[in-house]
Structures are given as structure tokens and as C-alpha cells.
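# Structural overview for review
Take a look at the letters that make up each chain.
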Amino acid sequence: MRLTRRRVIALGSSAAAVAGSGLVSQPASAASPSDNWSWLLRQFARYGDVKKAIPAADELVFLPAYEQLALLGRKENRVSAVALTEAHLRRLRLVNPRLNAFVHVTEELAREAAVRSDDRYRQGRPRMLEGLTFGVKALFDFLAGVPNDFGSKPMADLGFVPPFTAVYVQRALDAGVVVPGKTNTPEFGHKGTTDNLVHGPTSTPFDLRFNAGGSSGGAAAAVASFMTALTQGSDAGGSVRIPAAMCNIAALKPSVGRWPQDAPPIAAAPFFTPGPMARTVADVAMLMQAISGPSEGDPLSMDGRLDYIGAFREGVHGNRPLAGKRIAYSPDMDLFPVEASVERVVRQALQAFEQAGAEVDQVKLGLDEIQVTDLGGRNRRPLTSQHFADTWVLMQAGLYGHARDLFLEFGIPMDLREHKEQLTPQFAAMLDRSERLLAEEYRHLDFLRADVLHKLNVVLGTYDFIVTPTVAVVGVPNADDGNTLGPSAVNGVAVDPQIGWCLTYPVNFSGHPAMSLPAGFAPNPLRGPDLPVGLQVIGRMKRDDEVVTAAAAYERHNPWYHRYPR
């Protein structure tokens, strides 16, 4: 399978793809590290002290990524990238058979990259993330030459291997990461759980009977179980935040354009963005610093002038770094049924913001005041959570119809419409709906998006942040048929099992930055170890740095790192 040079330039962003094309793909921080970066690795990190003893080889994986980076970069008594990579590969071989997080393992590529990283350290030329392991999702997060099946049986049977690397993945590679493999996803990322007919479900490390969440569930489980130091996902309705809540990690849905994307079709869908996933807020900030920035191949990409490490530093400085900040707490976004145990944990976690100096008020967001109509302004009625979810599914259907045509346009011999018997039923239904979706019907949905944007902006005109639960339930049990779904009802109220139990997708309608953070733990509905609960911090438009500051302050007062199973 080959793409023409014209097509590669339009889609790709590797050095080979853009050479001679006139396109510029410049990361935000290509120059020397900032003073804040040096502070993070030399003063904030414990292992910035060269006299501090190095942990045993297999213990290295249990360190936060910023500590691993400090060990890699020490002038003396340092850890080699090869040793760190081998430790992660051993951990992957031990844990992955139980969790099913990685679906394509690239051991030899990882070893080769680690050798190159050690060479750079010896030459005094390390890049920002030099030698850190970094999992890559098996969706549109292409890595040239590595199988990518989208969690879809027809694509797996085809043996699709991308001929180019996605721009944000290339940014990570250019920053020096080592990729141990590709992580699991539901079929084309179509729901809030990770399971498919090719690889089966991915489990949360906290109880293997429960799903990791989706659609970036493989990524979340991989980093939460120490198989990789860092990872990434993509978020069209909560796909980094939902699994973050279920796996007890931090994950940011950036403002659209912070991480540049390839076009078409992804950059044409402004409710979709890739984003960082990690065990600590500092690690999320490092990924944002390394990957954010403009690309001329993405007309929606933004400049990279925000200092995420500086924002993190601000959040851990002093006893009350959020003094003067106001937080609007919504336990249900006015619309969603939420289990009482989830709401209790999130409400308790709000104390961490207060301890950091913030004022917290419970508010109404006004989403239940929105009036929706059918095409042509007919049948005006109040917005409900079910209509909200139906609208998201319809908008996703439009995206999937476009992605289906993408394969045909670029010479990939696959028309998913001819393989519906091999598809997950819900995804097949979305494809069917995309064929009947009128252009004016699709654009009519933008009225709801505009209303959501307006309502959230009104609140964020008075408050600095909005905080909500990330998902409405404690855990989703794995199915045994390759099609794990969320609940069809919460508190006796019907919800869409694909996405309706998640309080994340309204923020994809509006485009605000939002991060899921661990809130605490709630009783296991199947009797077993307590399961993680997440809260969502929504920031002002394009102020991803402020979200990082709030998250850092929160983490300091409500730490969670000690809760990861080893």
C-alpha cells in the first residue's frame, strides 16, 4: 500500500514528509530548556541530586516520569536509557497479559531508540523527553511502519501499516521518547469503554473485572500500571478523561490546536484533540511543553508560548497558590444522573482546592435552560442528557463517515460499509447513520454547541474554573463478547451506554481545556478493592496553563501516587 508524495505531505509531519514541501512543523520549545524546566529536573525532582542513590533496575519504572528524566540527565551516577527501557519492557511482559493495554509491542524499535538516546546524552545533546518511554494509541495516532488496526477487525485483517507518523507523535519522537508499542482502543474510538472484537477489553489495574474506560483505555492502563512512563490519547467526547478517572491518572484535553493534527479529516473536527496522559501533573506539563505549538499543516494549531512547566511551578509554590481563585462546582452539570458514591468522593476532594486557597461554590451551569429544536427550528424543547448524548453520537457519525471516505481517497482498499457484519453493532449503526446524515442536519447541531459554549463562558466569566465529576458511575464491568458498554441507566434514569454516563463530552462541544484528576476511591459494586473516582477541572478558553496550575495545587493537597497497584 503506497501513498503519493502529495498525499503524504498533506497528511504527514515527519521530517521526510515535510522536506521540500514548504511546510513548517515547529515544536513550542525547540530551543534550550527554560529555567523552569531546569528547576523541575534539578530542584523539584528528588533525583536531581546526583548523590541520591539510584533505585534497583526494576524499581525505576515506579518513579514519575520527571524523576526518571532527572536520573537520565545526571552528569554522574546516571541511569542509562537502555536500562530504563529494558525495565519498562520487563514490566510490560509481566503485566500486559493481565491488563491487555498494549496491542502491538515494538521492543526492537524501543531498544534502538534507547541506544540513540544514550548517544545523545554522551554527546551532551539530550532533547526534552530524551529516553522516556511513551505509549502511542492505536487510532489515528499513526506511527510509520507500525501496525495500526483501530480496534477494528476489517482493518486488522487488512494489516494496515501507516506510511507516515502523526504530527503530534512525531513531536514526541523529536523530543526523544522511546515507544514500546501501541495501546488498545474501542473500534475507531466510538465509546467510553475500551473493548473490541480484535483484542478484547482493557482492564483497570485496580480490579481486572472492570474496564479501563475509553477510548484511550489502553493508554491509561499502561501508564497506571507502570508499563510506560508517559502516554497519549485522543479525545472527542472524553476519551482521555474517562479512562483517566477509571485508572486514577491525570489527563488533559487541551484546547483544540494546542497539539497540532493532520488534515484531513481530524483537524476539520474541532471537538477532537489529542492530549497527554500520565501519573502526575508535572508529567502532563512536560508533555504539553514538548508537543504543543503551531504547524502550518494544521490551520487550527496555536502558538506555543504558554509555559506549562512554569504553570506547574506556580501551582506548587507557597501554601495557598490558588488564593483569590474561584471554583464553580457542579455535581451533575444540571443534566446528568450521578451515583451518590461518586458525588461524595468528588465533594470531599474539593477540600484540596480550598486548602490551596481557592473559594468553592456550588452553582448551576444553566445547561438545563438550553432549548433545542429539530431542523428548521421545529419542536422546541428543553435539552436533556439523552438528547445531548444522541447529538454527540450523531456528530461522531459524521466524523466516521468522513474517516471511511479517507481510506478510499488515499488508496487504502477498505470500504467499511462492505464489512458491517464484522463491526461492533454500535459502530456499524453510526456508519449507517452517517450515510443518511444531511449536511444541513449536521450543521444544525452547531446551534447546541454554540449554546453550550455560551453557558460555560458565562460561568467562567465569574469563576476561574468549573469542577464536575468526570464520570457518573463507579466502574464498568468488562463484558466477554468484545463489546463492553457503560450502563443503560444511572439512578434509575436512562442514559446512552456509549457516552451518556460521562460528564465529559459537553466540553468537547465547547472547546474549553479540561483535565481529569484522581478524586479518591469509592466502594466496589462487585465487592472487591475500592475503585477510583475522577473529577474534571474545566478552564477558561485557551488557558490550558491555568488548568495545569490548578491541577498542580490540587495534587499537592490530595496526592494519589501511593495508590497505584504494583
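It should be emphasised that the depicted structure is a prediction, and the values quoted were computed from it without experimental measurement.

### A few points about the packing of helix 12 (residues 308-315) against helix 19 (residues 544-557)
Packing of helix 12 against helix 19 brings their axes to within 7 Å, and their N-to-C directions diverge by 35°. As for how helix 12 packs across helix 19, the hand of that crossing is right-handed. Of the residues in helix 19, those in contact with Tyr308, Ala311, Phe312, Glu314 and Gly315 of helix 12 are Asp544, Asp545, Val548, Thr549, Ala552, Ala553 and Glu555. Split into classes, the residues belonging to the contact of helix 12 with helix 19 amount to 6 nonpolar, 2 polar and 4 charged.

### Digging into the packing of aromatic side chains
For the structure shown, the criterion picks out 31 aromatic pairs. Aromatic ring contacts, followed pair by pair, group Phe140, Phe142, Phe150, Phe160, Phe164, Phe188, Tyr400, Phe407 and Phe427 into a single cluster. The ring of phenylalanine 271 has arginine 449 sitting right over it, with the charged end atom 5.7 Å from the ring centre.

### Here's the deal with the sheet that holds strand 6 (residues 230-235)
With respect to topology, 11 strands assemble into an open sheet ordered 1-3-2-6-8-7-16-17-13-9-10, the strand pairing being mixed. Because the sheet does not close on itself, it has two edges, and the strands there are strand 1 (102-105) and strand 10 (359-362). Within this sheet the neighbouring strands show an average axis-to-axis angle of 30°, counted without direction. Here strand 7 (residues 250-253) pairs with strand 16 (residues 514-522) via 3 bridges, running antiparallel. Considered in strand 16, the bridge of leucine 252 is made with methionine 515.

### Description of helix 3 (residues 35-44)
Taken as a whole, helix 3 has its buried residues at Asn36, Trp37, Trp39, Leu40 and Leu41. Residues of helix 3 that are buried in the fold lie against helix 4 (65-72), helix 11 (281-291) and helix 12.

### What about the pattern of salt bridges?
Under the criterion given, the structure shown has 30 salt bridges. Taking the shortest distance from any N to any O, the salt bridge between glutamate 67 and arginine 46 comes out at 3.5 Å. Of the two residues, glutamate 67 sits in helix 4 while arginine 46 sits in the loop between helix 3 and helix 4, which places them 21 residues apart along the sequence. We classify glutamate 67 as buried; its relative accessible area is 2%. Exposure remark for arginine 46: the relative accessible area of 48% places this residue in the partly exposed category.

### Focus: the packing of helix 13 (residues 340-355) against helix 19
One can describe the packing of helix 13 onto helix 19 by two numbers: an axis separation of 8 Å at closest approach and a directional angle of 110°. The angle between the axes of helix 13 and helix 19 places the two elements in the roughly perpendicular class. As helix 13 packs across helix 19, the resulting crossing turns out to be right-handed. Residues Ala349, Ala352, Phe353 and Gln355 of helix 13 lie in contact with helix 19, whose contacting residues are Ala550, Tyr554 and His557. Residue classes in the contact of helix 13 with helix 19 are distributed as 5 nonpolar, 2 polar and no charged.

### Points about the confidence of the model for the chain
Mean pLDDT over the chain works out to 92, with 93% of the residues at or above the 70 mark. Across residues 1-26, where pLDDT falls below 50, the model places 52 contacts with residues more than four positions away in sequence or in other chains. Contacts of residues 28-33 to residues separated by more than four positions or lying in other chains number 6 contacts, the stretch itself having pLDDT below 50.

### Here we look at the nonpolar core
One recurring pattern in soluble globular proteins is that nonpolar side chains are buried together. In this structure, Leu129, Met286, Phe312, Phe353, Trp501, Leu517 and Leu535 are the most contacted members of the largest nonpolar core, which totals 186 residues. Top element by residues in this core is helix 14 (residues 385-409). It accounts for 12 residues. What methionine 286 contacts, discounting residues up to four positions off in sequence, is Trp37, Leu40, Ala65, Tyr66, Leu69, Leu129, Leu132 and Ile309.

### Notes on unusual backbone geometry
A cis amide bond, omega 10°, links glycine 214 with the succeeding residue serine 215. Within the element layout of this structure, serine 215 appears in the loop between strand 5 (207-211) and helix 9 (217-224). Not every positive phi belongs to a glycine, and asparagine 379 is a case in point at roughly 60°. Structurally, asparagine 379 is set in strand 12 (residues 378-382).

### Observations concerning empty space enclosed by the protein
Tallied over the full model, the rule gives 4 cavities of 30 Å³ or more. Of the volumes computed, that of the second largest cavity is approximately 70 Å³. If you go around the second largest cavity, you meet 13 residues; those closest to its centre are Leu139, Phe188, Gly189, Phe272 and Tyr400. It is helix 14 that contributes the most residues to the lining of the second largest cavity, 3 residues altogether.

### A few points about the pairing of strand 6
The buried fraction of strand 6 amounts to 6 of the 6 residues, a majority that puts the element mostly inside the structure. Burial of the side chains of strand 6 extends over both faces: Leu230, Gln232 and Ser234 are buried on one face and Thr231, Gly233 and Asp235 on the other. Relative to strand 6, strand 2 (residues 134-137) is paired through 2 bridges, and the arrangement is parallel. Bridge pairing in strand 6 links glycine 135 to threonine 231.

### Points about the state of the cysteines
Tallied over the entire structure, the rule returns 0 disulfides. The structure places no disulfide on cysteine 247, whose sulfur is separated from the nearest cysteine sulfur, that of cysteine 502, by 13 Å.

### Some thoughts on the environment of phenylalanine 447
By the secondary structure assignment, phenylalanine 447 is in helix 17 (residues 446-462). For phenylalanine 447, a relative accessible area of 55% puts it in the exposed group. Each C-alpha atom of the pair phenylalanine 447 and glycine 213 lies 29 Å from the other, and the pair is 234 residues apart in sequence.

Rules and cut-offs
Residues numbered from 1 in each chain as written. Predicted model: local features only at pLDDT ≥ 70, side-chain atom pairs only at ≥ 80, totals over all residues. Heavy atoms only, no water. Axes fitted to C-alpha atoms, helices over the stretch in contact; angles between N-to-C directions. Helix = DSSP H or I, 4+ residues; strand = E, 2+ residues; numbered from the N terminus. Left-handed = near helix turned anticlockwise from the far one by under 90°. Contact = heavy atoms within 4.5 Å. Nonpolar A, V, L, I, M, F, W, Y, C, P; charged D, E, K, R; others polar. Phe/Tyr/Trp six-rings, centres within 6.5 Å; stacked < 30°, edge-to-face > 60°. Lys NZ or Arg CZ within 6 Å of the ring centre and 35° of its normal. Pairing = 2+ DSSP bridges. Buried < 20%, exposed > 50% of the residue type's maximum accessible area, 1.4 Å probe, protein only. Salt bridge = Lys/Arg side-chain N within 4 Å of Asp/Glu carboxyl O. Parallel < 35°, antiparallel > 145°, perpendicular 65-115°, else oblique. pLDDT = per-residue confidence, 0-100. Core = buried A, V, L, I, M, F, W, Y, C linked by side-chain atoms within 4.5 Å. 1 Å grid on protein atoms, 1.4 Å probe; cavity = no way out; pocket = protein on both sides within 12 Å on 5 of 7 lines; lining within 4 Å. Points joined across faces, edges and corners; volume = space filled by probe spheres on them. Disulfide = S-S within 2.5 Å.

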